[in-house]
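Reading the structure
Residue strings, one per chain:
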Amino acid sequence: MQRYLIKKIRGMPATDGAGVELVRVIGQPALNMLDPFLLLDAFRSDNADDYIAGFPAHPHRGFETVTYLLNGKMRHQDNAGHEGVIEPGGIQWMTAGRGIIHSEMPEQEDGMLEGFQLWVNLPAQHKMDAPHYQEYAQDKIPIEQRAGCSIRVITGTTSQGTSGPVVQPLTQPLYLDITLQAGHSFCEAVDPTHNAFVYGIQGEVRIPDAKQLEQGIHKDQLGILSQGDTLTLTAGSEGSRFLFISGRPLNEPVARGGPFVMNTEQEVRQAFSDYRAGKF
Ligand code: CO
């Protein structure tokens, strides 16, 4: 069964951190979540006023934050002494688990800053695991080449056997950054039960809808895909670059409280009280 396009979503302008202008694509009224994905923020600006304030120290508990940069640099620092700079093409997959306090600040005073932050939920049994990181620079992310198609594999394994460096067996995510030349297609066998979406970065990618009519996903649009075990995504006349992201749905209750995502309201209150008590 071919996956088809269920719905197109456009992100909502939002301000977060100390005043960073971004577009919230998942985690907004039009798309509250796409299990196990809780939030997707896209940022792209060459105006320093939009990003310079950054995200000063703030906590997280119960899920993972995944930062993927296309342009610019972000410095990351946490309360356990972990520090580093994410550079273009680099990924930081942070499992906040039982709790971390970190800051995410632009490592630049001008120029383009562009990238994504995705929040991936953790199952109830693993929300209080110890925090850890999987961080890889651009040169550690394999690129699979097919006819007219180049695939940067951040996590998961393609049908041709290319595996990304990030590993997360709990939600089995596939995180691909795909560039297609005009008219070429990306055809792939995928887990039929995983939730999946496409997010346009450049040009247009075409996907059939439920009536087999081709629909275009353009830059800054998210396309939610149906369930199914195969996928065909075709570039429009100017070629296309887009993210394809899928993951195993957890089907558990979700209780959100700002930077904490737990299963119950009581657990969210506990997270706030642990944070205030300095237990992170
Ligand atoms: Co954060």
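For the structure, check the block above.
Below is a short write-up of the structure. (Residues numbered from 1 in each chain as written. Predicted model: local features only at pLDDT ≥ 70, side-chain atom pairs only at ≥ 80, totals over all residues. Heavy atoms only, no water.)

1. Concerning the overall build of the protein chain
We apply this condition: Secondary structure elements are defined from DSSP: runs of H or I of at least 4 residues count as helices, runs of E of at least 2 residues count as strands, and each element is numbered from the N terminus. C-alpha atoms define the radius of gyration, and 2.2 Å times the number of residues to the power 0.38 defines the globule rule. Here's how the labels work: a residue is buried when its accessible area is under 20% of the maximum for its type, exposed when over 50%, partly exposed in between, all with a 1.4 Å probe on protein chains only. Contacts are residue-level and defined by heavy atoms, with any inter-residue pair within 4.5 Å sufficient.
The number of helices and strands found in the protein chain is one helix and 22 strands. For the protein chain, the C-alpha radius of gyration of 18 Å lies close to 19 Å, the compact-globule estimate for 280 residues. Dimensions along the principal axes, computed over C-alpha positions, put the protein chain at roughly 55 × 40 × 35 Å. In the protein chain, buried positions account for 55% of the 280 residues. In the protein chain, of all internal contacts separated by at least 6 residues, the share reaching a separation of at least 24 is 72%.

2. A short note on the side chain of Q92
Condition: Any pair of nitrogen or oxygen atoms within 3.5 Å is treated as a polar contact; in protein, a donor-acceptor pairing is required on top of that, and neighbouring residues in sequence qualify only through side-chain atoms on both sides.
Among the structural elements, Q92 can be located in strand β9 (residues 91-95). With a relative accessible area of 0%, Q92 lands in the buried category. At 3.1 Å, the side chain of Q92 forms a polar contact with the side chain of H76. Dropping the residues within four chain positions of it, Q92 is found in contact with T65, V66, T67, H76, I86, Y133, Q134 and E135.

3. Section: helix α1 (residues 265-276)
Definition in use: Here the expected length of a helix is defined as 1.5 Å per residue gap, with one fewer gap than residues.
Compared with the 16 Å implied by 1.5 Å per residue over 12 residues, the 17 Å span of α1 between its first and last C-alpha is a close match. Buried-residue contacts for α1 involve β21 (255-257) and β22 (260-262). After α1 finishes, the residue G278 shows a positive phi value of roughly 75°.

4. Concerning the coordination of the cobalt ion
Rules: Coordination partners: N, O, S within 2.8 Å of the metal, 3.2 Å for Na, K and Ca; water not considered, so apparent gaps in a site are possible. The rule is simple: four donors are tetrahedral if all their angles sit between 85 and 135 degrees, four are square planar and six octahedral if opposite donors span more than 155 degrees and the others lie between 65 and 115, and anything that fits none of that is irregular.
Within the first shell, the cobalt ion binds the protein through H58 (NE2), H60 (NE2), H102 (NE2) and E104 (OE), at distances of 2.0 to 2.5 Å. Around the cobalt ion, the four donor atoms are arranged such that angles at the metal cover 83 to 176°; this shape is classified as irregular. Mapped onto the sequence, the residues coordinating the cobalt ion show the spacing H-x1-H-x41-H-x1-E. Separated by 46 residues along the polypeptide, H58 in strand β5 (residues 55-60) and E104 in strand β10 (residues 100-106) bring together distant segments of the chain. With a relative accessible area of 17%, H58 lands in the buried category. By relative accessible area, which is 6% here, E104 ends up buried.

5. A word on empty space enclosed by the protein
Note the cut-off: Think of a 1 Å grid over just the protein atoms. A cavity is a set of points where a 1.4 Å probe fits yet cannot get out, a pocket is an open set with protein on both sides within 12 Å along at least five of seven lines, and lining residues have an atom within 4 Å of a point. Grid points are joined across faces, edges and corners, and a volume is the space filled by probe spheres set on the points. Classes in brief: Ala, Val, Leu, Ile, Met, Phe, Trp, Tyr, Cys and Pro nonpolar; Asp, Glu, Lys and Arg charged; the others, Gly included, polar.
One pass over the structure, following the stated rule, counts one cavity of 30 Å³ or more. In this structure, the largest cavity spans a volume of roughly 80 Å³. Taken together, V20, E21, F43, R44, S45, D50, Y51, G54, F55, M74, P106 and L113 make up the full set of residues lining the largest cavity. Residues that form the lining of the largest cavity fall into these classes: seven nonpolar, two polar and three charged.

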